[in-house]
Protein chains: 2
Amino acid sequence: MEFSSKLIESAVANFSRLPGIGQKTALRLVLHLLKQEEDFTQDLSKALVDMRLNIKYCKECHNISDDDICNICSNTVRDQSIICLVEDTRDVLAIENTSQYNGLYHVLGGIISPIEGIGPDDLTIDSLINRISNPESEVKEIILGLSPTMEGDTTAFYITKKVKPFGIKTSTIARGIPIGGELEYADEITLGRSIVTRTAYSIED
Amino acid sequence: MEFSSKLIESAVANFSRLPGIGQKTALRLVLHLLKQEEDFTQDLSKALVDMRLNIKYCKECHNISDDDICNICSNTVRDQSIICLVEDTRDVLAIENTSQYNGLYHVLGGIISPIEGIGPDDLTIDSLINRISNPESEVKEIILGLSPTMEGDTTAFYITKKVKPFGIKTSTIARGIPIGGELEYADEITLGRSIVTRTAYSIED
């Protein structure tokens, strides 16, 4: 696309470097900015730069945080005996939104993926080992909250082996038919596993 | 969604004010920015603010421009006798990309829409009348390059009436079955009109 303005061209080029935003969407966003007050664009730019330059990562769990220790790790009301291992910050948010979990987290920062050149050393696995080997650690269980993909399973396997010597229990989030999902549309592997790993069902009298 | 960081929260809130970007997409973009170098975010922010503060609108055609007169209006090679009237800058880009048009443009800045409270005075219609009533004007034809919607047709009708006293020919872009489109999937109105407004077809011997 050729633009009559270098300013537009540069704004569109920068926007379309973001994932999922192509040239057409970028142009739509730029034209939207032009229709709004100048403050709108200045607020957006300031929020992005502020965020990028000032964000910290929690020294305990590596989740994004405004302080050195995030507000989950520093919350003494939470269960200190259980750590949920997740790939990235989005997973923490997703689990927090369920209100079903009251333990701590550990953000890996990715999963082992030879194809993308991500090995165990690129993740925060050493930091996890430090956490659980600390004499003051109360951790008794690690939940492997990773996606049920080949990379996720590889990572889970690797970490389970690493954690074993510390005598800590590992568990994985349940795989099965999503609630509200229909059996006939479930893939064979999920359906097969969900029969093998069926759970007890009883009706209270 | 609750974020563990005010910085993330503010960045997500600002991103999700853009059209077509919800909270989940905004978060994905923010996390992407965090994975890139700081320069990436700073370049994006600078490009957006530069664009917003320094962009001009061409005094002739109201297209966005880096100068007082855009590079289409100031291009003397282009046909000065024909103006294509369009709703916004995106339409100019779309038509320019076809390489089929060598005349000038006039960007209305919207279309007449009583529901959205946009009347003729909110558009650049007066400026168009000034352009064609200028004694030095060479304009002989105005192409109504508006979308074939009710609002577009209303606007086309209004402008045709306004332009009539100046003895300038008005035309509209052809409506019909899109090239590559299949007859059976065309809506009745388009198909009906495309039969009424059929064009001559002959094979050169």
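Residues numbered from 1 in each chain as written. Chains lettered and ligands numbered in written order. Predicted model: local features only at pLDDT ≥ 70, side-chain atom pairs only at ≥ 80, totals over all residues. Heavy atoms only, no water.

The condition that has to hold: UniProt positions are given in the numbering used here, feature names are shortened, and annotations may be inferred rather than shown by experiment.
An unreviewed UniProt entry lists chain A under the name Recombination protein RecR, from Marivirga aurantiaca. The Function (unreviewed entry) field of the UniProt record for chain A holds the comment "May play a role in DNA repair. It seems to be involved in an RecBC-independent recombinational process of DNA repair. It may act with RecF and RecO." In its Sequence similarities (unreviewed entry) section, the UniProt entry covering chain A states "Belongs to the RecR family."

### Things to note about the interface of chain B and chain A
We count it as follows: Only heavy atoms enter the contact rule, under which two residues are in contact if any of them lie within 4.5 Å. We define a salt bridge as a side-chain nitrogen of Lys or Arg found within 4 Å of a carboxyl oxygen belonging to Asp or Glu. Identification of polar contacts relies on pairs of N or O atoms within 3.5 Å, with a donor-acceptor requirement for protein atoms, meaning one able to donate a hydrogen and the other able to accept it, and with residues adjacent in sequence counted only if both atoms are side-chain atoms. Helix and strand definitions here come from DSSP, where helices need a minimum of 4 consecutive H or I residues and strands a minimum of 2 consecutive E residues; each element is numbered from the N-terminal end.
Of the residues lining the interface, 52 residues belong to chain B; the matching set on chain A comes to 52 residues. Our count for the chain B to chain A interface comes out at zero salt bridges. Between the two partners, chain B and chain A, sit nine residue pairs in polar contact (both at pLDDT 80 or more). With 15 residues, helix α3 (residues 38-54) of chain B is the single largest residue contributor to the side of chain B that touches chain A.

### Considering a negative patch on the surface
For clarity, the threshold we go by: Patch criteria: residues need more than 30% relative accessible area and no salt bridge. Like-charged residues are merged within 9 Å; nonpolar side chains of Val, Leu, Ile, Met, Phe, Trp and Tyr are merged within 5 Å. Areas reported as accessible are Shrake-Rupley estimates using a 1.4 Å probe. Residue values count occlusion only from the protein chains shown. By the counting rule applied here, Lys and Arg register as positive and Asp and Glu as negative, while His and the ends of each chain are not counted. One atom stands in for each charge, and that atom is NZ of Lys, CZ of Arg, CG of Asp or CD of Glu.
A grouping of A:Glu37, A:Glu38, A:Asp39 and A:Asp43 is seen on the molecular surface, where their side chains present a negatively charged patch. For A:Glu37, the position within the fold is in the loop between α2 (23-35) and α3 (38-54).

### Thoughts on the UniProt feature "zinc finger region: C4-type" (unreviewed entry) in chain A
Residues annotated in UniProt with the feature "zinc finger region: C4-type" (unreviewed entry) correspond here to residues 58-73 of chain A. A helix fraction of 0% and a strand fraction of 12% characterise residues 58-73 of chain A, whose end C-alpha atoms lie 8 Å from each other.

### Concerning the sheet that holds strand β6 (residues 169-172) of chain A
Residues and elements named next belong to chain A. What counts here: For two strands to count as paired, DSSP must find a minimum of two bridges between them. Between N-to-C directions, angles cover 0 to 180 degrees, with each direction set by a line fitted to C-alpha atoms, over the stretch in contact for helices.
Strand order in the open sheet formed by four strands is β4-β3-β5-β6, and the pairing between neighbours is parallel. Two strands bound the open sheet, and with one partner strand each, they are β4 (104-107) and β6. Neighbour-to-neighbour, the strand axes of this sheet turn through a mean angle of 25°, independent of strand direction. Direction of pairing for strand β3 (residues 82-86) relative to β4: parallel, over a ladder of four bridges.

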